[in-house]
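# Breakdown of the fold
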Amino acid sequence: MSAPDITRENLLQNKLKRNYPVDEDDDDKADAKVAVNETGVDRSRKCPYLDTINRHLLDFDFEKLCSVSLSHLNVYACLVCGKYFQGRGQKSHAYTHSVQIGHHVYINLHTLRFYCLPDNYEVIDSSLDDIKFVLNPTFSVHNIALLSSNTKLTRAYDGATYLPGIVGLNNIKANDYCNVILQALSHVGPLRDYFLREENYGKIKRPPGDHMILLVQRFGELLRKLWNPRNFKAHVSPHEMLQSVVLCSKKRFQITTQGKALLHRAG
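Everything numeric here is computed off the predicted structure, so don't read it as measured data.

Next up on the list: the nonpolar core. Leu182, Leu196, Leu222 and Leu226 are the most contacted members of the largest nonpolar core, which totals 24 residues. Of all the secondary-structure elements, those providing two or more residues to this core are helix H5 (141-147), helix H6 (176-185), helix H8 (213-226) and helix H9 (239-248). Apart from residues lying up to four places away in sequence, Leu196 is in contact with Phe139, Ile144, Leu147, Leu223, Arg224 and Trp227. Counting residues in hydrophobic clusters, the runner-up holds 22 residues, among them Leu58, Val75, Leu109 and Cys116.

Bringing the confidence of the model for the protein into the picture now. Across the protein, pLDDT averages 83, with 81% of residues at or above 70. Overall, residues 1-26 carries pLDDT values under 50, and its contacts beyond four positions in sequence, including any with other chains, amount to 35 contacts.

Here the amide bond leading from Leu117 into Pro118 is cis, since omega sits at 5°, within 30 degrees of zero. Within the fold, Pro118 resides in the loop between strand S4 (114-116) and strand S5 (121-123). If you check the backbone angles, Asn74 has positive phi at about 50° while not being a glycine. In this structure Asn74 comes out as partly exposed when scored by relative accessible area, which is 27%. The phi dihedral of Lys250 is positive, around 55°, even though this residue is not glycine. Along the chain, the position of Lys250 falls in the segment after H9. Given the relative accessible area of 75%, Lys250 is considered exposed.

Applying the stated criterion across every chain, the model contains 10 salt bridges. Close ionic contact of Arg224 with Glu198 constitutes a salt bridge, the shortest N to O distance being 3.7 Å. Of this pair, Arg224 sits in helix H8 while Glu198 sits in the loop between helix H7 (189-195) and H8; the two residues are 26 residues apart in sequence, bridging distant segments of the chain. You can call Arg224 buried: its relative accessible area is 4%. One salt bridge connects Arg218 with Glu221, and the closest N-O pair in it is separated by 3.1 Å. With Arg218 and Glu221 both in helix H8, this residue pair falls 3 residues apart, about one helical turn. Overall, the relative accessible area of 22% leaves Arg218 in the partly exposed class. One network of salt bridges, in which partners are shared, links Asp59, Asp61, Lys225 and Lys233.

Turning our eyes to something else, we now look at helix H3 (residues 93-101). The buried count for H3 comes to 7 of 9 residues, which makes it a mostly enclosed element. Of the positions making up H3, those classed as buried are His93, Ala94, Tyr95, Thr96, His97, Ser98 and Val99. The opening residue of H3, the one whose side-chain oxygen lies 3.2 Å from the backbone nitrogen of Tyr95, is Ser92.

Cut-off values and rules
Residues numbered from 1 in each chain as written. Predicted model: local features only at pLDDT ≥ 70, side-chain atom pairs only at ≥ 80, totals over all residues. Heavy atoms only, no water. Core = buried A, V, L, I, M, F, W, Y, C linked by side-chain atoms within 4.5 Å. Buried < 20%, exposed > 50% of the residue type's maximum accessible area, 1.4 Å probe, protein only. Helix = DSSP H or I, 4+ residues; strand = E, 2+ residues; numbered from the N terminus. Contact = heavy atoms within 4.5 Å. pLDDT = per-residue confidence, 0-100. Salt bridge = Lys/Arg side-chain N within 4 Å of Asp/Glu carboxyl O. Polar contact = N/O pair within 3.5 Å; in protein donor to acceptor, adjacent residues only side chain to side chain.

Dropping the structure here:
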């Protein structure tokens, strides 16, 4: 057994137990360590596990919930298998996953910062910028001005070619009628341009208990993914957007029941 395997086994036996309760404040207690090893090498910039990242398995279109606790607090994505886990401390599901399965590189889905577990140091490497951009695409005013006239195909990480904005939406169950409306709205120029800039609506104040802002946030996220020129795949899942539609409509519109797409002409 190699030294890393022995270390992993010792951590597993001495520090972890199955079904550990997850402390929601683990991240506050688990400040990232100074990542300089005994040879003086800064591991933050020389992480030995970056080659284990599998971009083919990364999918950030689904609700950001821990796959074990179903909590939306302190959620990290494992960049090796693509699963979501809560926390980073020694009692967390992400930590347990790193020790039991040997998957070491994670991204915090809120802060977009990368960490190596169980060693718990922050990873700083420009080769990970493409993952950040897929998770949270951003557009400058100049980028947006060129969208309508762009005819250049781009190649996704999976090898498929696509034209930004002309991207398929997954049919989860019976949501194809919703997809029609979302695709149509994504090509209304002024509406698209407004929502591609998150600063246009990111700081809208809302009264306590108002869930309608979710529609604004999720629609903006979906449009930025549809028009992303650096996607890992040539299709997008509208899962989070549709979840907000179900919630804000008080289940009047469902993704499990077929409906009709009705577009009304003004005037």
